[in-house]
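So you can see what is in the structure, the chains are spelled out below.
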Amino acid sequence: MAMQCGGFLTSDCQKTMRLHCILVLSSFLGLILGYKQGDNLTLYVNKVGPYHNPQETYHYYTLPVCRPEKVHHKSLSLGEVLDGDRMAESLYHIRFRENVEKKTLCQLILSEKQVDQLREAIEELYYFEFVLDDIPIWGFVGYIEESGFLPHSHKVGLWTHLDFNIEYNGNSVIFANVSVKDVKPVPLEEGVGAAVGGVGLGGGSLTVTHTYSVHWFDSSLPHARRAERLRDYSFFPKTLEIHWLSIINSLVLVVLLLGFVIIILMRVLKNDFARYNVEEEGACDDLDQGDNGWKIIHTDVFRFPPYKSLLCAVLGVGAQFLTLATGIIVMALLGMFNVHHHGAINSAAIVLYALTSCVSGYVSGSFYTQISGQRWVWNIILTSSLFSAPLFLTWSIVNSIHWWSGSTQALPATTVLLLLGAWMLVGFPLTVIGGIVGKNRAGSFQAPCRTRNIPRQIPTQPWYKHTAVHMSIGGFLPFSAISVELYYIFATVWGREHYTLYGILLCVFAILLSVGACISVALTYFLLSGEDYRWWWRSVLSTGSTGLFIFVYSVFYYRNRSSMSGLVQTTEFFGYSLLTALVFSLMLGSVSFWASLAFIRYIYRSLKMD
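Residues numbered from 1 in each chain as written. Predicted model: local features only at pLDDT ≥ 70, side-chain atom pairs only at ≥ 80, totals over all residues. Heavy atoms only, no water.

**Concerning the overall build of the protein chain**
No. 1: For the protein chain, the count of helices and strands is 16 helices and 13 strands.
No. 2: Restricting to contacts in the protein chain with at least 6 residues of sequence separation, those with at least 24 account for 78%.
No. 3: Total accessible area computed for the protein chain in this model is approximately 30,300 Å², and 62% of it derives from carbon and sulfur atoms. (Helix = DSSP H or I, 4+ residues; strand = E, 2+ residues; numbered from the N terminus. Contact = heavy atoms within 4.5 Å. Areas by Shrake-Rupley, 256 points an atom, 1.4 Å probe, with all protein chains shown as cover.)

This is the structure:
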């Protein structure tokens, strides 16, 4: 009997709603109090995709598989949607601590086109991902075998039976996986006409019966440590280990660089101070103009550079990403990114990016006012769009390709509107507020020396002091400090690894910033010693060129360290690799500029001492 629930609720409708509320409440209590024997566990089907293309994923039900008459999707978080998750309820009936032996899931009659679709998916090594109690379960859709040369055999088979092996401790689920051991795949060879293993082929159609079994195993691992069990599982290749060689290599490099800056450079500066401070009470404007070196350009070294607004925008966005990266690492050290929390790090990055927009506005607006900038409104607009505009352009291209291919990585319209709303209602307003506060609270530039109206002519510089050479040196050394660790980061971002060594990541991040600051100070001193006062943009570009080396490494990783291929994966990889290189350039460029500015202020203040 049909039940009308519009207007006033009927008694049947009220019972249905009460039953639904009870089921929802019981599921919620199950997460808190655990499960009882016989309680139903919902198995969600999620996505499928080529094994070697982690970012090319499609909904599981795009394949001709067993599916309910009406698909019910799970409510997902923002991070899960960004990660390409599209969880939906399955037909598998799994009850807590109740074994099942070869239960029929469904029987399908596949058309010739559907058989070809399955064959193509199996030949491209498609894997599937299920989720049970926030535990991902992976397995291959089918089986492929290549053997012999003459004669050559090419066998393709479909797995129609899955064994679910679930570990439990008390009233909680610890781990789950799927196995096809001792199961024969159903052949999907072209031209097969006989029935094999419950499969019949005739009249252009194929009849397939899907079955499954469930086996429960007791585990001694407590629920609080079940993430360790998932990390030990090896469906995907394991490459992440505790890599002390990376840390030792980076630490040695930092020690050498610090020794170079502190010992050698300070000894040179000591000799310079002894030679320059020849008068007992000499101010900057009274220095001997006949001398040479960095002393003679004291009236030009604080001359404001061209493209003030762009420079301040770079410094502001760089400071924002410094804050963002530090916040992500600290949150990871606090254990907020558990491997069972799907997409948690993506959600945190978006929220922090919006909230830290005030940092970029404040730093940019404050410094823009200090260096006598006049178009502060344009400066705020440039600051807010310096990264968001390339991000939107790249995402538009990548998302369009995902949408064209039907991938789950294509964001739904509601998610796109949510992200645009977060930027327009949170990110951009905070940038404006930060810029206004920075403009009003900005002090003077605090230059130790006065700048003359007429700039000094810069002598011809040797080839090793040109911008390209400084960019090569300033970019390569910070890159070499993180080159080993960079592989593990790429394996996490562009693979399926779970990065858990956040303490090591924090050390490497501190090493990267230290190396960038030291190299910037050294290169700035060499530039000034050649009587070249154009250090403003040079300090940003020298260490900021690390982003170029990172992008070159991404090309190397794609060609030699991964098996990724295809338009979808290639576009996403190189599109977001360019954005990653931009982030590192902005972040390290900001660090190197502030280090150079502090160094220059120090040496020119020291000229006034006895």
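**Description of a nonpolar patch on the surface**
No. 1: Taken together, the side chains of Leu-258, Ile-262, Ile-263, Met-266 and Tyr-602 make up a nonpolar region of the molecular surface, amounting to roughly 460 Å² of accessible area.
No. 2: Position of Met-266 among the secondary structure elements: in helix H5 (residues 244-276). (Patch = residues over 30% accessible without salt bridge, like charges linked within 9 Å, V, L, I, M, F, W, Y side chains within 5 Å. Salt bridge = Lys/Arg side-chain N within 4 Å of Asp/Glu carboxyl O.)

**Looking at helix H8 (residues 357-370)**
No. 1: Its 14 residues place the ends of H8 20 Å apart at the C-alpha level, agreeing with the 20 Å of an ideal helix rising 1.5 Å per residue.
No. 2: Buried residues of H8: Ser-357, Ser-360, Gly-361, Val-363, Ser-364, Gly-365, Ser-366, Phe-367 and Tyr-368, and no others.
No. 3: As for H8, its buried residues are in contact with helix H6 (308-333), helix H7 (344-355), helix H9 (376-385), helix H11 (413-441), helix H14 (535-544) and helix H16 (567-606).
No. 4: Backbone geometry just after H8 places Ser-372 at a positive phi near 65 degrees. (Expected span 1.5 Å × (residues − 1). Buried < 20%, exposed > 50% of the residue type's maximum accessible area, 1.4 Å probe, protein only.)

**So, the pairing of strand S9 (residues 161-169)**
No. 1: Summarising burial for S9: eight of the nine residues are buried, a large majority.
No. 2: Where S9 and strand S10 (residues 172-179) come together, seven bridges link them in antiparallel fashion. Along S10, the bridge assignment pairs Asp-163 with Ser-179. (Pairing = 2+ DSSP bridges.)

**Notes on the nonpolar core**
No. 1: One finds Phe-321, Phe-367, Trp-535, Phe-593 and Tyr-604 to be the most contacted residues of the largest nonpolar core, which totals 78 residues.
No. 2: Setting aside anything within four residues of it in sequence, one finds Phe-321 in contact with Tyr-353, Phe-387, Val-583, Leu-586 and Met-587.
No. 3: One finds Cys-106, Ile-122, Val-141 and Ala-176 within the second-largest nonpolar core, a separate group that totals 46 residues. (Core = buried A, V, L, I, M, F, W, Y, C linked by side-chain atoms within 4.5 Å.)

**Digging into the packing of aromatic side chains**
No. 1: Under the defined criterion, the tally for this structure stands at 50 aromatic pairs.
No. 2: The lysine or arginine in question, Lys-439, covers the ring of Trp-376, its NZ or CZ lying 5.4 Å from the ring centre.
No. 3: The ring centre of Phe-445 lies 4.8 Å from the NZ or CZ of Arg-601, which sits over that ring. (Phe/Tyr/Trp six-rings, centres within 6.5 Å; stacked < 30°, edge-to-face > 60°. Lys NZ or Arg CZ within 6 Å of the ring centre and 35° of its normal.)

**Remarks on the packing of helix H12 (residues 467-493) against helix H15 (residues 546-561)**
No. 1: In contact at an axis separation of 8 Å, H12 and H15 are set at 40 degrees when each is read in the N-to-C sense. As judged from the angle between their axes, H12 and H15 are oblique. Crossing hand, H12 versus H15: right-handed. Touching Met-471, Ser-472, Gly-474, Gly-475, Phe-476, Pro-478, Phe-479, Ile-482, Leu-486, Tyr-487, Phe-490 and Ala-491 of H12 are Thr-546, Leu-548, Phe-549, Ile-550, Tyr-553, Ser-554, Tyr-557 and Arg-561, all from H15.
No. 2: Residue composition of the contact of H12 with H15, by class: 14 nonpolar, five polar and one charged. (Axes fitted to C-alpha atoms, helices over the stretch in contact; angles between N-to-C directions. Parallel < 35°, antiparallel > 145°, perpendicular 65-115°, else oblique. Left-handed = near helix turned anticlockwise from the far one by under 90°. Nonpolar A, V, L, I, M, F, W, Y, C, P; charged D, E, K, R; others polar.)

**A few points about a negative patch on the surface**
No. 1: Taken together, the side chains of Glu-112, Asp-116, Glu-120 and Glu-124 make up a negatively charged region of the molecular surface.
No. 2: Examined against the element boundaries, Asp-116 turns out to sit in helix H3 (residues 112-123).
No. 3: Take Asp-116: its relative accessible area is 38%, and that puts it in the partly exposed class. (Lys, Arg positive; Asp, Glu negative; His and termini not counted. Charge placed at Lys NZ, Arg CZ, Asp CG, Glu CD.)

**Examining H16**
Structural remark: α-helix, 3.6 residues per turn; residues separated by three or four positions point the same way.
No. 1: With 40 residues, H16 extends 58 Å between its outermost C-alpha atoms, agreeing within 8% with the 58 Å of an ideal straight helix rising 1.5 Å per residue.
No. 2: In terms of burial, H16 is a largely internal element, 28 of the 40 residues being buried.

**Looking at empty space enclosed by the protein**
No. 1: Counted by the stated rule, this structure contains five cavities of 30 Å³ or more.
No. 2: By volume, the largest cavity amounts to about 200 Å³.
No. 3: Taken together, 17 residues form the lining of the largest cavity, with Tyr-60, Val-65, Tyr-92, Trp-159 and His-210 sitting closest to its centre.
No. 4: When contributions to the lining of the largest cavity are tallied by element, the ones reaching two or more residues are S9 and strand S13 (205-218).
No. 5: Residue classes in the lining of the largest cavity are distributed as 13 nonpolar, four polar and no charged. (1 Å grid on protein atoms, 1.4 Å probe; cavity = no way out; pocket = protein on both sides within 12 Å on 5 of 7 lines; lining within 4 Å. Points joined across faces, edges and corners; volume = space filled by probe spheres on them.)

**Thoughts on the state of the cysteines**
No. 1: Overall, the coordinates contain one disulfide when judged by the stated rule.
No. 2: With its sulfur 1.7 Å from that of its partner, Cys-66 forms a disulfide with Cys-106. Taking the torsion about the sulfur-sulfur bond, which here is approximately -75 degrees, the covalent link between Cys-66 and Cys-106 counts as left-handed. Taken together, the positions of Cys-66 in the loop between strand S2 (58-59) and helix H2 (78-82) and Cys-106 in strand S4 (residues 100-111) put the pair 40 residues apart, joining distant regions of the chain.
No. 3: On the basis of relative accessible area, Cys-66 is assigned to the buried category, the value being 7%. (Disulfide = S-S within 2.5 Å.)

**Considerations on the packing of H6 against H14**
No. 1: Direction vectors running N to C along H6 and H14 enclose 35 degrees, while the axes themselves pass 12 Å from each other. The interaxial crossing formed by H6 with H14 has left-handed handedness. Here Leu-310, Leu-311 and Val-314 of H6 lie close against H14, whose contacting residues are Trp-536, Trp-537 and Val-540.
No. 2: Along the lines of polarity and charge, the residues of the contact of H6 with H14 split into six nonpolar, no polar and no charged.

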